[in-house]
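Residue-level listing of the chains:
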Amino acid sequence: MAQKQSLITQSSFDLWGEDPNPKELPYERPSSSPPPEFEFSPGFTPSSYHWPIFHFGQEPQAGNALIDACPGSGKSTTIIEFARLLPPDLSILVVAFSKHIADELQPRLRSSGLARRSHSRTGKRLVEARTIHSFGLDILRRNLLKGKEGKLSLEESKYDKLTREYLATRGLSARDYQLPVTELVRLAQLTLTDPENEEAMHDLALHYNLVEAFQYWETVYFMAKHILEQGKELAQDKQIINFEDMLWLPSVLKLAPRERYDWVLVDEYQDCSRAQLEIVLNCATPQGRFLFVGDHHQSIFGFNCAEIGIKELILERTAAREFPLPITYRCPRSHVALAREVYPDIQAGPGAKPGEVLEIELAEVTSEVRAGDLVICRTTAPLISLCFELLRQGIQASVRGRDIGRNLAVILTPLEKAELAGKFRFDLENFLGWLEIEEEKGVAQAERAVKAGASPTTPELVKDKFQTIKAIYLTQEARPQSAQALKKLILSLFSDTTAAVWLSTIHRAKGLEAKRVFFLKPELLPHPMATLEWEKVQEMNCKYVALTRAKQTLYFVTDSSQRKEADKNKQKKANLLSDDE
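Computed from a prediction, not measured in an experiment: that's the story for all the values here. (Residues numbered from 1 in each chain as written. Predicted model: local features only at pLDDT ≥ 70, side-chain atom pairs only at ≥ 80, totals over all residues. Heavy atoms only, no water.)

Draft legend 1. Structural context of the environment of Leu-415. In this structure, Leu-415 sits in helix α17 (residues 413–420). Contacts of Leu-415, omitting those with residues within four sequence positions, involve Phe-424, Phe-426, Phe-431, Trp-434 and Ala-483. (Helix = DSSP H or I, 4+ residues; strand = E, 2+ residues; numbered from the N terminus. Contact = heavy atoms within 4.5 Å.)

Draft legend 2. Main features of the side chain of Thr-193. Here Thr-193 is to be found in the loop between α7 (174–191) and α8 (198–207). Not counting the four nearest positions on each side in its chain, Thr-193 is found in contact with Ala-188, Ala-200, Met-201 and Leu-204.

Draft legend 3. The packing of helix α6 (residues 158–170) against α7, seen in detail. It is the contact of α6 with α7, at a shortest axis distance of 10 Å, that shows an interaxial angle of 140°. Taken together, the axis directions place α6 and α7 in an arrangement best described as oblique. For the element pair α6 and α7, the recorded crossing hand is right-handed. Counted together, Tyr-159, Asp-160, Thr-163, Arg-164 and Leu-167 of α6 and Ala-174, Tyr-177, Gln-178, Val-181, Thr-182, Val-185 and Gln-189 of α7 form the full contact between these two elements. A class-by-class count of the residues in the contact of α6 with α7 yields six nonpolar, four polar and two charged. (Axes fitted to C-alpha atoms, helices over the stretch in contact; angles between N-to-C directions. Parallel < 35°, antiparallel > 145°, perpendicular 65-115°, else oblique. Left-handed = near helix turned anticlockwise from the far one by under 90°. Nonpolar A, V, L, I, M, F, W, Y, C, P; charged D, E, K, R; others polar.)

Draft legend 4. Spotlight on unusual backbone geometry. Here the residue pair Leu-525 and Pro-526 is connected by a cis peptide bond, since its omega of -10° sits within 30 degrees of zero. Tracing the sequence through the fold places Pro-526 in the loop between β17 (514–520) and α22 (533–547). Even without being a glycine, Leu-192 presents a positive backbone phi close to 55°. Positive phi, close to 50°, is recorded for Lys-521, a residue that is not glycine. With respect to the secondary-structure elements, Lys-521 resides in the loop between β17 and α22.

Draft legend 5. A look at helix α15 (residues 381–392). Taken residue by residue, α15 has Ala-381, Leu-383, Ile-384, Leu-386, Cys-387, Phe-388 and Leu-390 as its buried positions. Just beyond α15, the residue with positive phi is Gly-394, at close to 85°. (Buried < 20%, exposed > 50% of the residue type's maximum accessible area, 1.4 Å probe, protein only.)

Draft legend 6. Representation of the pattern of salt bridges within the structure. Applying the stated criterion across every chain yields a total of 24 salt bridges. For Glu-438, the salt bridge identified is with Lys-441, shortest N-O distance 3.3 Å. In this pair, Glu-438 and Lys-441 both sit in helix α18 (residues 428–451), three residues apart, roughly one turn of the helix. Its salt-bridge partner being Lys-463, residue Glu-460 comes within 3.5 Å of it at the nearest N-O pair. Taken as a pair, Glu-460 and Lys-463 lie in helix α19 (residues 458–475) at a separation of three residues, close to a single helical turn. On the basis of relative accessible area, Lys-463 is assigned to the partly exposed category, the value being 32%. Through salt bridges that share partners, Asp-68, Lys-311 and Glu-322 make up one connected network. (Salt bridge = Lys/Arg side-chain N within 4 Å of Asp/Glu carboxyl O.)

Draft legend 7. Spotlight on the pairing of strand β9 (residues 321–325). Of all five residues making up β9, four are buried, and the element is well covered by its neighbours. The sheet contact formed by strand β2 (residues 65–69) and β9 spans five bridges and is parallel. Residue pairing for β9: Ala-65 is matched across the bridge by Arg-321. (Pairing = 2+ DSSP bridges.)

Draft legend 8. Molecular detail of α6. End to end, α6 covers 19 Å across 13 residues, agreeing with the expected 18 Å (1.5 Å per residue, within 8%). Of the residues making up α6, those classed as buried are Lys-158, Tyr-159, Leu-162, Thr-163, Tyr-166 and Leu-167. Looking straight down α6, one finds its buried side chains confined to an arc of 165°; they lie on one side. Contacts from the buried residues of α6 go to α7, α9 (217–238), β6 (240–241) and α10 (243–252). Among the residues trailing α6, Gly-171 stands out with phi positive, at a value near 65°. (Expected span 1.5 Å × (residues − 1). Arc of directions from axis to C-beta.)

Draft legend 9. Just the nonpolar core, in detail. Of all hydrophobic cores here, the largest spans 112 residues; its most connected members are Phe-431, Leu-486 and Leu-503. In terms of residues, this core owes the most to one element, α9, which gives nine residues. By size, the runner-up hydrophobic cluster in this structure holds 36 residues, among which are Phe-38, Phe-40, Ala-83 and Phe-323. (Core = buried A, V, L, I, M, F, W, Y, C linked by side-chain atoms within 4.5 Å.)

Draft legend 10. Up close: the environment of Gln-552. Counting through the fold element by element, Gln-552 comes out in strand β18 (residues 550–558). Judged by its relative accessible area of 38%, Gln-552 falls in the partly exposed class. Remark: the alpha-carbon pair of Gln-552 and Pro-332, spanning 220 residues in sequence, is separated by 6.5 Å. Apart from the residues within four sequence positions on either side, Gln-552 is in contact with Pro-332, His-335, Gly-355, Glu-356 and Lys-515.

Draft legend 11. Highlighting the sheet that holds strand β8 (residues 284–294). Ordered in space as β4-β3-β7-β8-β2-β9, the six strands form an open sheet in which the pairing is parallel. A strand with exactly one partner marks an edge of an open sheet, and here the two such strands are β4 (127–131) and β9. Recorded for the sheet is a direction-independent mean angle of 20° between the axes of neighbouring strands. Sheet analysis places strand β3 (residues 92–96) next to β4, joined by five bridges and oriented parallel. Opposite Val-94, over in β4, you have Ala-129 as the bridge partner. Of the strands in this sheet, β2, β7 (261–267), β8 and β9 touch helix α2 (residues 50–58), which is tilted by about 145° from β9. Across the sheet, helix α11 (residues 274–281) touches β3, β7 and β8, and the angle it forms with β8 is around 135°.

Draft legend 12. Region of the structure containing the environment of Ile-227. Summarising the element assignment, Ile-227 is placed in helix α9. Since its relative accessible area comes to 0%, Ile-227 is described here as buried. Sequence separation of Ile-227 and Asp-160 is 67 residues, and the distance between their C-alpha atoms is 9.8 Å.

Here it is as structure tokens:
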């Protein structure tokens, strides 16, 4: 049976509401003066931390602002209420990090009346929610199609094709160059790294653990630089673009948007890449103002080009004033007590329930999990066997992250080609042997990259990919009989749409919440291989995100059988050492 978790002291458990001993923060303090008569949406009750923010919006010359809002503090609601209080003749752009968030915001804009605001003369809509990509796409339409017929052609594989064509004309191996070149191109686009600066490109590959680039660095770098230039020409001459182009080309080609706004309200600022931030800063009129809302403690996408120091960069570029929203209306008091051990600023809301923090054995999870639950883990592989077990029990379970599935399937492409050419017989022994060899090669390559300056976590990331593929293959009762069948299975397992039970890495769980959350392998946080300073910060941020997903019960899932096996191996090693002596 699940046992009570004993990590919470009574003194920390009792903390709720505003911290009785708050430390000094670089923020505007809550206003103690009587608030003006603002009309809010039904059901919204502002806290004392909201008043300085709403006052700020009413001051015409107050400049820009950045709100650090803790998990469950109502970031989107704050943005909507802030917009409702602005003068009705101002144009407002609400910038969402993803289409999913933009689609959620749009009906809220309609229900609040904001979407009905329009210009008195032109009738143009004054308030809208858009993704950064869509705004970048509009900039490209306006500039690349000027004086031309037709429309932009979106080709997601644009740079893959350019790389394949380049390799084919020079007789170079796609196995050695395809992935490192296309990934270096993508990283350069999202970080706005100058491709003419080889040192900066080399540092970029090191920072993002692009280990495959270093075996033939000079060729990889030259090709990436050449293909980026080709990509610009293809967009200008034939209007062919991909998703990264929507963020990259407006900056490198210095393109102006069709329209700018009086107010730009940015949701989840901490997830912005440098390229996305440049698009955002290009959205406002010369006298326009910005409100950035997010939580730098939830910045966990550094591996995917979210700028590590984005908060400092925003403050530097916009001279924004800082405001806090430290009260969570999602997390019960017991969960807040745990989260405060990571970052002490978070506070439980008035009337927050105690909640539960329980410990449960891994073997009991499948019988305990039910529809609506969320299962999280630092890495992907431990989620796989649990997902299949839930599916066998008739529970619609899915691993979050379709792109994870695509990246895993790509690893099998050379094997699929060899099998189709009659050069490989796919069976249990042969496949596991091939997988082991490929993992060893990948880890060795990663270890060479670590010596060259890459992150020490790089080999572990490689291992997780191969262990995930192995788990998917071995957990099936009817195992796939070909590489192609295994690829299809992998792609079907990962999703971003709907599931009765979501299984997710912590990175993919940000933005999700559930009444009950199961936290697998909590001992992986912070990851033991994270030794670089920015990695250590991201690991603590991951832990903070994990502890703040549940609204009622948080389960720490332990595996005593694995611990016993580890202890047994340690004892064997100790015995061998003593025998040697």
